[in-house]
Amino acid sequence: MAGQQPVGAELTAEGILAELSGFFATATAGNTPGPDEDYFALGLVNSLLALELVAHVERRYGIAVDVEDLDLDNFRTLNRVTGFVLRKRSAGFR
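Residues numbered from 1 in each chain as written. Predicted model: local features only at pLDDT ≥ 70, side-chain atom pairs only at ≥ 80, totals over all residues. Heavy atoms only, no water.

### What about the packing of helix α1 (residues 13–27) against helix α3 (residues 78–90)?
At a closest axis distance of 9 Å, the pairing of α1 and α3 adopts a crossing angle of 130 degrees. If you check the angle between α1 and α3, you find them oblique. For the pair α1 and α3, the crossing hand works out as right-handed. Of α3, the residues touching α1 (which contributes A13, I16, L17, L20, S21 and F24) are L78, N79, V81, T82, V85 and L86. (Axes fitted to C-alpha atoms, helices over the stretch in contact; angles between N-to-C directions. Helix = DSSP H or I, 4+ residues; strand = E, 2+ residues; numbered from the N terminus. Parallel < 35°, antiparallel > 145°, perpendicular 65-115°, else oblique. Left-handed = near helix turned anticlockwise from the far one by under 90°. Contact = heavy atoms within 4.5 Å.)

### Some details on the side chain of N74
Within the secondary structure, N74 is located in the loop between α2 (47–61) and α3. Here D69 takes part through its backbone oxygen, which lies 2.8 Å from a polar atom of the side chain of N74. Within the structure, the side chain of N74 is placed 3.2 Å from the side chain of R87, a separation counted as a polar contact. Apart from the residues within four sequence positions on either side, N74 is in contact with D69, R80, V81, F84 and R87. (Polar contact = N/O pair within 3.5 Å; in protein donor to acceptor, adjacent residues only side chain to side chain.)

### Topic: the nonpolar core
Counting 21 residues, the largest nonpolar core has L20, L53, V57, F75, V81 and V85 as the members making the most contacts within it. Counting residues per element, the ones that place at least two in this core are α1, α2 and α3. In terms of residue count, α2 provides more of this core than any other element does, 6 residues in total. The residues contacting V81, other than those within four sequence positions of it, are L20, Y39, L53, V57, N74 and F75. (Core = buried A, V, L, I, M, F, W, Y, C linked by side-chain atoms within 4.5 Å. Buried < 20%, exposed > 50% of the residue type's maximum accessible area, 1.4 Å probe, protein only.)

### Some details on α3
For α3, built from 13 residues, the straight-helix expectation of 18 Å at 1.5 Å per residue is met to within 8% by its first-to-last C-alpha distance of 18 Å. Within the span of α3, buried status applies to L78, V81, T82, F84, V85, K88 and R89. For α3, the angular spread of buried residues about the axis comes to 160 degrees, placing them on one side. Buried residues along α3 sit against α1 and α2. A positive backbone phi angle near 85 degrees is found at G92, which sits one or two residues after α3. (Expected span 1.5 Å × (residues − 1). Arc of directions from axis to C-beta.)

### Some remarks on α1
Over its 15 residues, α1 extends 21 Å from the first C-alpha to the last, a length consistent with the 21 Å expected when each residue adds 1.5 Å. Looking at α1, one finds that the buried residues are G15, I16, L17, E19, L20, G22, F23 and F24. On its buried face, α1 sits against α2 and α3. One or two positions beyond α1, positive phi appears at A29, with a value near 55 degrees.

### What about the pattern of salt bridges?
Enumeration according to the criterion identifies 6 salt bridges in this entry. Linking E19 and R60 is a salt bridge whose minimum nitrogen-to-oxygen distance equals 3.9 Å. On the criterion of sequence distance, the pair formed by E19 in helix α1 and R60 in helix α2 is long-range, its members being 41 residues apart. We classify E19 as buried; its relative accessible area is 4%. With relative accessibility at 11%, the residue R60 sits in the buried group. Linking D69 and K88 is a salt bridge whose minimum nitrogen-to-oxygen distance equals 2.7 Å. Here D69 is found in the loop between α2 and α3, whereas its partner K88 is found in helix α3, with 19 residues between them in sequence. Judged on exposure class, the residue D69 and its partner K88 are both buried. The structure contains a network of salt bridges with shared partners spanning D38, D73, R76 and R80. (Salt bridge = Lys/Arg side-chain N within 4 Å of Asp/Glu carboxyl O.)

Nothing here speaks to function; it is geometry throughout.
Set out below in structure tokens:
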């Protein structure tokens, strides 16, 4: 995907947000939510896509999403996922 930052590179909130928007554009046939739109409330994400999102975040950003991380508030919006990724990476959980 164009504009992706390598996993080992310094990640920026803007870069993560752009990449996640691309993930959603592909996964939802172009129905990309805004950065603060709750895509669960909008009906864009079902349980299968939620699992795909978690797996994508783990692979793409080299982090482990633990059971305690599976709080919906970490994954409800693009901005929340971005913040989650940045927190996990800065904490050294890879």
